[in-house]
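As a plain string of letters, each chain reads:
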Amino acid sequence: MTGYQLKGSFPLIFERGAPGRRGYRLPPLDVPEQPIEALIPDRHQRTNPPALPEVSEPEAVRHFVGLSRRNYGVDVGFYPLGSCTMKYNPKINEEVAALPGFARLHPYQPEETVQGALELMYNLERYLCEIAGLSRATLQPAAGAHGELLGLMIMRAYHESRGEGHTRREVLVPDSAHGTNPASAAMCGYRVVEVQSNARGGVDVAALRALVGPKTAGLMLTNPNTLGLFEEDILEIARLVHDAGGLLYYDGANANAILGICRPGDMGFDIVHFNLHKTFSTPHGGGGPGSGPIAVREELVPFLPVPTVERDGDRYYLDFDRPQSVGRIKGFYGNFGMMVRAYAYIRTMGAAGLKAASEQAVINANYLMKRLAPLFDVAVDRYCKHEFVLSGRRYKRLGVRTLDIAKRLLDYGIHAPTVYFPLIVEEALMIEPTETETKETLDEFARVMEQIVREIEEDPDLVRNAPHETPVRRLDEARAARQPDLCFCAPASSTVGEVNAGGGGRTDG
Ligand SMILES: *Cc1c(COP(=O)(O)O)cnc(C)c1O
């Protein structure tokens, strides 16, 4: 029994090893042994030994390396997961984040001893504000959706401060929006009003005009939108919403297309969230942690969560004395390790480098869109920004769905694109190559797609039943989410009891 092969079942670490086996032994004591009762009072002593795996070091290493080989990540291959910006994360970011001066900080350390960390947060806030074209930011939110919730709480606090909190109860969201937008608005207690898209894939301005009014708290928009298209009427849209007394919220998860080229603040947006774990190259997709800072316009600064990071001459400090603040949104100051990585990324790229990255992301997406256009219907035939959306509807008549194509890609060692989103495109395939891929990789992806289309025509069952080469085949995803079986019950002969594996965490980018 090895259990380290790529296919078939993979034992838990609790199923490996043998009672008493150790990976490491301590040398004999060179001081007198103390009775345990002298160190730990009776009532705190455990009665059963902990149910830890008892494995040798090679068993432990093979277990975890084996698991990692059954996983897929951006360090393994192409990951064109639209909307998630699965760009390569430079290793220098990891090295910087692992420096003991950053990695070993304790959040309760006195301010004088963490001046470097505060300086980094202060500067990162300034960079993000410059990129957003806005005044101040907070680094607290732990994800994009968390940033959205905070942005909406600030929107609500702003309207309340003007005595309009109880009348402005509606948040407008386009029908192409990411699902987190309406979800965040609803969580913040708002009524979600959907705005239609027009034939060019943008917001239908006439429809918007009919919907804005004294009940409007704000509009949530991403630009470029989830079709990868730049919102051409953005200035008119901003004017309409502002004239009605509402605010504009920018879902900045798509900022990879715009760095150094245009700024949400200049487009008229009042609140922006960024996903450091997408645009600013911190790892994601493996369950977190993430970071979704938000930046705001001057009038909204008083509502930012506490504490803010402030500077007084050479000294940095945390300011908790902000009476209009919406309060804290996260324990301590946010996911600091993600901030260090994003800071390292921004500093190593520089302003010119960030702009070049966005330009390259857009060129890569347009190149790949043209390569794939003969195979699929392009959702809206325009130049795209950092991503594009195809429709696989022509293969539906042959009984092959977009999901099948996505699964077949896995057999070729390529991560599937985002599928069935945005909802307004039938059989959608949303593809975001990012700037970090070479032309050869894009060509290889196009070649694999051509091959899959040939398979659909010649042997559709091959595609319908894919994947064939992965450690597991098709799973019942709904059941996995609703009835997760996370308990491991050891065989009766084992010394190991029942172990509960913790669940939860992020699933996508
Ligand atoms: C990823 C994404 C979000 C949500 O970000 P999380 O960090 O996953 O919460 C919101 N909007 C868009 C357009 C996204 O792509």
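Below: a short report on this structure. Bear in mind the structure is a predicted one, so any value in this text is a computation, not a measurement.

The rules behind the values
- Residues numbered from 1 in each chain as written.
- Predicted model: local features only at pLDDT ≥ 70, side-chain atom pairs only at ≥ 80, totals over all residues.
- Heavy atoms only, no water.
- Pairing = 2+ DSSP bridges.
- Helix = DSSP H or I, 4+ residues; strand = E, 2+ residues; numbered from the N terminus.
- Disulfide = S-S within 2.5 Å.
- 1 Å grid on protein atoms, 1.4 Å probe; cavity = no way out; pocket = protein on both sides within 12 Å on 5 of 7 lines; lining within 4 Å.
- Points joined across faces, edges and corners; volume = space filled by probe spheres on them.
- Nonpolar A, V, L, I, M, F, W, Y, C, P; charged D, E, K, R; others polar.
- Axes fitted to C-alpha atoms, helices over the stretch in contact; angles between N-to-C directions.
- Contact = heavy atoms within 4.5 Å.
- Core = buried A, V, L, I, M, F, W, Y, C linked by side-chain atoms within 4.5 Å.
- Buried < 20%, exposed > 50% of the residue type's maximum accessible area, 1.4 Å probe, protein only.
- Expected span 1.5 Å × (residues − 1).
- Parallel < 35°, antiparallel > 145°, perpendicular 65-115°, else oblique.
- Left-handed = near helix turned anticlockwise from the far one by under 90°.

1. Describing the sheet that holds strand β10 (residues 377-378)
Here four strands make up an open sheet; going across it, the order is β10-β11-β13-β12 and the pairing antiparallel. Two strands close off the open sheet at either side, each with one partner strand: β10 and β12 (418-419).

2. Re the state of the cysteines
For the coordinates displayed, the defined rule picks out zero disulfides. In this structure Cys129 is not part of a disulfide, and its nearest cysteine sulfur, from Cys262, lies 17 Å away.

3. So, empty space enclosed by the protein
Counting across every chain of the model gives three cavities of 30 Å³ or more. In terms of lining, the largest cavity is formed by Met121, Glu125, Ala137, Thr138, Leu139, Gln140, Pro307, Thr308, Val309 and Tyr333. At the level of secondary structure, the elements contributing two or more residues to the lining of the largest cavity comprise α5 (115-132), β1 (136-138) and β8 (308-312). Of the residues that constitute the lining of the largest cavity, the class distribution is six nonpolar, three polar and one charged. Looking at the second largest cavity, its volume works out to about 70 Å³. Around the second largest cavity, the lining is made up of 14 residues, and of these Pro174, Ser176, Leu221, Thr222 and Asn225 lie nearest the centre. Of the residues in the lining of the second largest cavity, the class split is four nonpolar, nine polar and one charged.

4. Structural notes on the sheet that holds β1
Overall, mixed pairing links the seven strands, which are arranged β1-β7-β6-β5-β4-β2-β3 in an open sheet. Strands at the two margins of the open sheet, each flanked by one partner only, are β1 and β3 (191-195). With strand direction ignored, the average angle separating the axes of adjacent strands in the sheet is 25°. Where strand β2 (residues 170-174) and β3 come together, five bridges link them in parallel fashion. Looking across to β3, one finds that Val173 is bridged to Glu194. On the sheet, α5 packs against β1, β6 (271-274) and β7 (294-296) and is oriented at approximately 120° with respect to β1.

5. Examining the nonpolar core
By size, the foremost hydrophobic cluster in this structure holds 57 residues, and its most contacted members are Leu124, Leu128, Leu208, Phe269, Phe274, Phe280 and Phe336. Those residues in contact with Phe274 that sit more than four places away from it in its chain are Leu128, Ile131, Ala132, Gly252, Ala255, Phe280, Ser291, Gly292 and Pro293. Judged by nonpolar contacts, the second largest core, of 27 residues, contains Ala365, Leu372, Val400 and Ala446.

6. Considering helix α6 (residues 144-161)
What sets the pattern is the α-helix's 3.6 residues per turn: residues three or four places apart point alike. Here α6 spans 25 Å end to end across 18 residues, near enough to the 26 Å set by a 1.5 Å rise per residue. Among the residues trailing α6, Gly163 stands out with phi positive, at a value near 75°.

7. Observations concerning the packing of helix α12 (residues 402-411) against helix α13 (residues 439-458)
At a minimum axis distance of 10 Å, the contact between α12 and α13 shows a crossing angle of 120°. With respect to each other, α12 and α13 are oriented oblique. In terms of crossing hand, the pair formed by α12 and α13 is right-handed. Contacts between α12 and α13 involve Ile405, Arg408 and Leu409 from the first element and Phe445, Val448, Met449, Ile452, Glu455 and Ile456 from the second.

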